[in-house]
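# Overview (structure and organization)
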Amino acid sequence: MYGDVGKQVLLFEGYMEDLQEAGTTSDFPTYLEDKLRRRFLKAFNEVESNWSRWAYVQSVPDFREITTVGLGEMPDLAYIPEDGEYIDSSMGEYTGPTIQLETWGRSFTIGRRLIINDMLGQINEIPARLARASKRTLARKLTAVLESDQTKAYDGEDFFSTSHAAGSNLLSGMQLTEIDLPNAIVALRQMKDQNGLRINQRAEMLLIPIEQEFAARRILQGTYIPNQASGVHAGLGADGTSSSVGTAGFGYTEYHALNGALEMVVDPYLEDVDDYYVLVGNTLETAPVTVGFLNGKSAPDIMLQDPGMRLQLGGNDPYSFQFDRIAYKTRYDFAHGPHEFRGTVKVIVTP
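Below is a short write-up of the structure. Positions within a chain are numbered from 1, following the residues in the order the chain's sequence is written. The model is predicted, so local features are restricted to residues of pLDDT at least 70 and side-chain atom pairs to those at 80 or more, both for listing and for counting; the totals for chains, interfaces and linings are taken over all residues. Heavy atoms from the whole structure form the basis of all side-chain values; hydrogens and water molecules are not counted.

### Observations concerning the packing of aromatic side chains
We count it as follows: Only the six-membered ring of Trp is used, alongside the rings of Phe and Tyr, when aromatic pairs are assigned; centres must lie within 6.5 Å, and planes under 30 degrees apart are stacked while those over 60 apart are edge-to-face, with the rest tilted. A helix here means a DSSP run of H or I that spans at least four residues, while a strand means a run of E at least two residues long, and both kinds are numbered starting from the N terminus. The rule is simple: take the accessible area with a 1.4 Å probe, protein chains only, and divide by the maximum for that residue type; under 20% is buried, over 50% is exposed, in between is partly exposed.
Across all of its chains, the model carries seven aromatic pairs by this definition. With centroids separated by 5.7 Å and ring planes inclined at 10 degrees, the aromatic side chains of Trp104 and Phe334 adopt a geometry described as stacked. Taken together, the residues Trp104 in strand E4 (residues 102-111) and Phe334 in strand E11 (residues 325-338) connect sequence positions 230 residues apart. Of the residues examined, Trp104 reaches a relative accessible area of 27% and is grouped as partly exposed. Summarising the aromatic geometry, the rings of Phe159 and Phe160 are spaced 5.0 Å apart at their centres and angled 85 degrees between planes, so their arrangement reads as edge-to-face. Comparing Phe159 with Phe160 shows no difference in burial state: the two are buried. In textbook terms, an aromatic cluster arises when at least three aromatic residues are bridged by ring pairs, as seen for Trp51, Trp104, Phe293, Tyr332 and Phe334.

Have a look at this one:
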C-alpha cells in the first residue's frame, strides 16, 4: 500500500504510530531521540556491574587534570597537667591520586538497503547494544585498575605492594579458604595512618571473580568448617561417622567464625579467576578506585543523526519520510584511576 517508503517507516522503530504521535514531521527527530534514549538507558541499567560497591564516585567539572589532596590523622592526645598548656596539633597534607576526564564513544551507520531488508527488526536493538557496550567499557576500565601490575599508588609504590610504609596490602600464595581468608582481613586491620598508628578499619567486603562465587558462599554462608582431609565438616568422616581428623587452625570445632563476616561482591569483569580482594568500602577514605563523571552525569549520551524527513501530502496517505541512512552515536565522558591503597588487600593465589 505504501511502497518502499511505508515499509521503511514500519521497519524504522516498528510502527507508523510513532510518526503520528510525534504530531508533525518537524517534531519527529526530538520524539524519536527521546524514545531511543529511554531504550538506551533501560539497557544500560540492566547490565550487571558491581563496581559502584567498591569505587568512589565523584563529579568532575571539566577536562583538566584533578589531584586529590588528603589530610593526615591527628596524633594521640597529650597529657595536660594542672594549669598546663595545651599543645597545638598539626595535620600533614598528602597528595592523593590524579584523574582526568576522557571521552569514549562509538558511531554506527545503517544504509537504506539494510533498513529495508531488516524484516526481523534487529535495527531497533542497536541502542541497547550501544548501551551495553558503554556499561561494559566503564566496568572493564575500573577492574583493570585493580588487576594491572602497572598501577601506582600516590606514595610512589605499586598500588598493591608489600613495601608501603602504611603496611602491606598484598598477600600471595594463599587460597580462598577458611584458613587463608582471615590473614587478608587481619592485614587490612593492620594498616597505619601517616603517624604510624593503626587505622583499625573493619573489613566489609570480599570482592571476587565469578569463578570463585560458590567457594566464597561456602566460606561466608556456611555453618560448618570443612574437614581438611575429607572435605566434609569437622568431626565427621566422608561416610558421616566420627572422624579423628580436625581442621588445621580450627581443630574439631564446628563453629564457623567467618559466617557473615564479609559481604560477598561478585564482579563479572574481573579477569583473573583466582585472585581476590578484601575491602573496607567505597568512601573517599577507603575506595581503591575512583571514577569521575562530567558534572556528575553518570550515564552516556545516545544521539541520532536527523534522517532528513519531509512531509508528503496526498489522498489518504499518512505522514511518511525518506532517508538513505541512519547514524547513531554514543558518547561517554568519565575519568578513572587508583585511589586509596590502604582500604584494600589483594591476595594473589599463584605468585
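### Some points on the side chain of Asp333
Going by this rule: The charge count includes Lys and Arg as positive and Asp and Glu as negative, but it does not include His or the ends of the chains. When a carboxyl oxygen of Asp or Glu lies within 4 Å of a side-chain nitrogen of Lys or Arg, that pair is called a salt bridge. Pairs of N or O atoms within 3.5 Å make up the polar contacts considered here, provided that, within protein, one atom can donate a hydrogen while the other can accept it, and that residues adjacent in sequence are counted only when both atoms are side-chain atoms. For this analysis, residues touch if any pair of their heavy atoms sits within 4.5 Å.
One can find Asp333 in strand E11. Although Asp333 is buried, it makes no salt bridge; Arg331 carries the closest opposite charge, 4.5 Å away. Here Thr103 takes part through its side chain, which lies 2.6 Å from a polar atom of the side chain of Asp333. Contact partners of Asp333, with chain neighbours within four places excluded, come to Phe63, Leu101, Glu102, Thr103, Gly292, Phe293 and Leu294.

### Examining helix H7 (residues 213-221)
Formally: Regarding the arc, it is the one traced by the directions from the helix axis to the C-beta atoms.
Taken residue by residue, H7 has Glu213, Ala216, Ile219 and Leu220 as its buried positions. Projected onto a plane normal to the axis of H7, the buried residues spread over an arc of 125 degrees and lie on a single side. Residues of H7 that are buried make contact with helix H6 (181-189), strand E6 (205-208) and strand E7 (263-266).

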